[in-house]
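Below are the chains, spelled out letter by letter.
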Amino acid sequence: MKSYPSTLLKNACIVCILAFISLAGCNDTTTSPQTKTPVATPFYTMPGGGPCVTLGAHPQSPYANIQVSHDTYPTHSEPMLVEDPHNPLHLVGGSKFFTDPAHYRFKIGFFASFDGGCTWSDGGVLPGFEHYGVTSDISFAFGTHNEVYAAVLNANKTASGVAVSTSHDGGKTFGLPVSVTLNPTGKVFNDKPWIAVDQTTGKYSGSIYVVWSYDHNGNCGYSNNCSEQLAFSRSTDGGTSFSPMRLIEGNAPFCTNATTGRPAHSTRCDAAQGAIPVVEPGGTLAVAFPYIDLMSGPIPTRLLLTTSPDGGTTWTTPALIATIHDIMGPFPPERYRNLSLPAFACDLKTGQLYITWSDKGHGDADILFSTSQDRGQTWTTPIRVNDDPLRNGANQFQPQMVVAPDGVISISFFDTRVDPQHRLIDVFLAQSTNKGASFLKNVRVTTQSWDPAVDAPIDRSGQQFIGDYQGLAADNHFVHLFWNDTRTGKQEISTAAVPSAGP
């Protein structure tokens, strides 16, 4: 942890208090959209911070867009990002590094920044996966002793697994992976692992949790396996070993899905994709996941939640968050694929839960948002996050969400509103300072729209690939957006530091 001069912090605190008092009367608590624009109050410069995180230097757009990837890999996508909870200048990110875009082959690479995201070191690809043709879907979490954990899937023609790599130098390098699960039969695919660490001081402090989709039972359409169960494993020894895989999706009356090979009248919630774990302030582990219609037919996608109060030993019956209009498939006439993978977050002070997703209930894709104040048992009626005109043909998709220590909610998303033809993509940011009752005016973060057709790999379904999700991190002063775009002529990773709205 980097130490700052005490007088500097005292002065910063005094000005923060004054700023809070002056803004308190402006806090909108209605359900109508907030109209104020986020304004940064210049009160200090972080020691060691780069020019992109000098508060007050660029409180309004355009924000500096910084290219992160400068390697020789032809294409990058699906970036993720994490911020050191003890040092807001320390960021670790990663993404797909395509080795053969024409044949949809890729590895996972990583980056680190120690000046607030203004400059980045390139760590190359994660070591230890040389015998796997594919390494994918990276997610990060900081440990309780400043370790950085990275969870990925690894696969070749005969095996599929999940592994966790650990860095002890802040993300500059990673050690050899530790296997969480590995199936050698070729009949199982372990998909989209996500990781979380218990940062509380409770009984399960330091526990590492990994959840993923355990896909098996053959193909039943749209490249889906006929059973995609929710898998779970944990480590209580700092990532040295992991518990045997458990399936935790459970049963619920709304989990019906008439698919090939599935028992009649089954209510098992075994169509899970894109599960996300978060740890609540009391140490309860909560996992949100979409229950997706595997047959791409009339059954709607449902967002579900299951929780464990005892470190993953027992799990609650899944609760229904929302029934949604999935954006599955391309936006005609475009050819890049889409899916309503949600983003899920928790306020680590209040325990309030938040979820957001892309929904095409109004014809085009919008970002919707819901929240729960009773640990996920009931959820608010979804509200629209993007503030462009309703049904204007623009699509908003791939949301990512983070809650800062001061409670400000930030949601980033891809957006086609700037282009009259709704082809070119930008990145926008929406923030809420009133616990999700409403959102401030959306802010355009990209300084240039980008073409998704440029340099796009083609996946195994014949669709162009720009990734399924983007990265985001935040503290009380800045929001760090992390995305891929094609302004250079190929898919590269970019970032921007946007001053936070403040509470």
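Let us look at the structure shown here. Because the structure is predicted, anything quoted here is derived from the model rather than measured.

**Remarks on the overall build of the protein chain**
- Each helix and strand counted, the protein chain has one helix and 28 strands in total.
- Relative to its 503 residues, the protein chain shows a buried fraction of 60%.
- Across the protein chain, the fraction of contacts at a sequence separation of at least 24, relative to all contacts at a separation of at least 6, is 57%.
- Working note: accessible area of the protein chain is about 19100 Å², and carbon and sulfur atoms make up 57% of it.

**Considering the pattern of salt bridges**
- Enumeration over the complete set of coordinates arrives at 16 salt bridges.
- In this structure, the salt-bridge partner of arginine 423 is glutamate 334, at a minimum N-O distance of 3.1 Å. With arginine 423 in the loop between β23 (409–415) and β24 (426–432) and glutamate 334 in the loop between β17 (319–324) and β18 (343–346), this pair connects stretches of sequence that are 89 residues apart.
- In this structure arginine 423 comes out as partly exposed when scored by relative accessible area, which is 27%.
- Here arginine 384 makes a salt bridge to aspartate 388, at a shortest N to O gap of 3.2 Å.
- Three or more residues are tied together by salt bridges with common partners; here these are Lys192, Arg337, Asp459 and Asp468.

**Points about the nonpolar core**
- Core analysis: the biggest nonpolar cluster contains 56 residues, and Phe140 and Phe344 have the highest contact counts within it.
- Ranked by size, the runner-up nonpolar core spans 22 residues in total, among them Ile425, Ile466, Leu472 and Ala474.

**So, the state of the cysteines**
- If you walk through the whole model with that rule in mind, you get two disulfides.
- Each disulfide pairs two cysteine sulfurs, and for cysteine 52 the partner residue is cysteine 118, the sulfurs being separated by 1.9 Å. Judged by the torsion about the S-S bond (-100°), the cysteine 52/cysteine 118 disulfide is left-handed. Taken together, the residues cysteine 52 in the loop between α1 (6–24) and β1 (66–67) and cysteine 118 in the loop between β4 (105–113) and β5 (121–125) connect sequence positions 66 residues apart.
- Exposure remark for cysteine 52: the relative accessible area of 8% places this residue in the buried category.
- Residue classification places cysteine 118 among the buried positions, given a relative accessible area of 11%.
- One disulfide in the model links cysteine 255 with cysteine 269; its S-S distance is 2.0 Å. The sign of the S-S torsion, about 95°, decides the handedness of the disulfide formed by cysteine 255 and cysteine 269: right-handed. Of this pair, cysteine 255 sits in the loop between β13 (246–247) and β14 (276–279) while cysteine 269 is found in the loop between β13 and β14, placing the two residues 14 residues apart along the sequence. Accessibility assignment for this pair places cysteine 255 and cysteine 269 in one class, buried.
- Sequence-ordered numbering of the disulfide-bonded cysteines in the protein chain gives the connectivity 1-2, 3-4.

Conventions and cut-offs
Going along each chain's sequence as written, the residues are numbered from 1 onward. Two thresholds apply to this predicted model, a pLDDT of at least 70 for residue-level local features and 80 or more for giving and counting side-chain atom pairs, whereas whole-chain, interface and lining totals are computed over all residues. Calculated side-chain values reflect all of the structure's heavy atoms, with hydrogen atoms and water omitted. By the criteria applied, helices consist of DSSP H or I runs no shorter than four residues and strands consist of E runs no shorter than two, each listed in order from the N terminus. Note on classification: 1.4 Å probe, protein chains only; a residue is buried when its accessible area is under 20% of the maximum for its type, exposed when over 50%, partly exposed between these limits. Contacts are residue-level and defined by heavy atoms, with any inter-residue pair within 4.5 Å sufficient. Accessible surface is estimated by sampling points in the Shrake-Rupley manner with a 1.4 Å probe; for residues, cover comes only from the protein chains shown. Here a salt bridge means any side-chain nitrogen of Lys or Arg lying within 4 Å of a carboxyl oxygen belonging to Asp or Glu. To qualify as a nonpolar core, a set must consist of buried Ala, Val, Leu, Ile, Met, Phe, Trp, Tyr and Cys residues joined through side-chain atoms within 4.5 Å. Our working definition of a disulfide is a cysteine sulfur pair at a distance within 2.5 Å.

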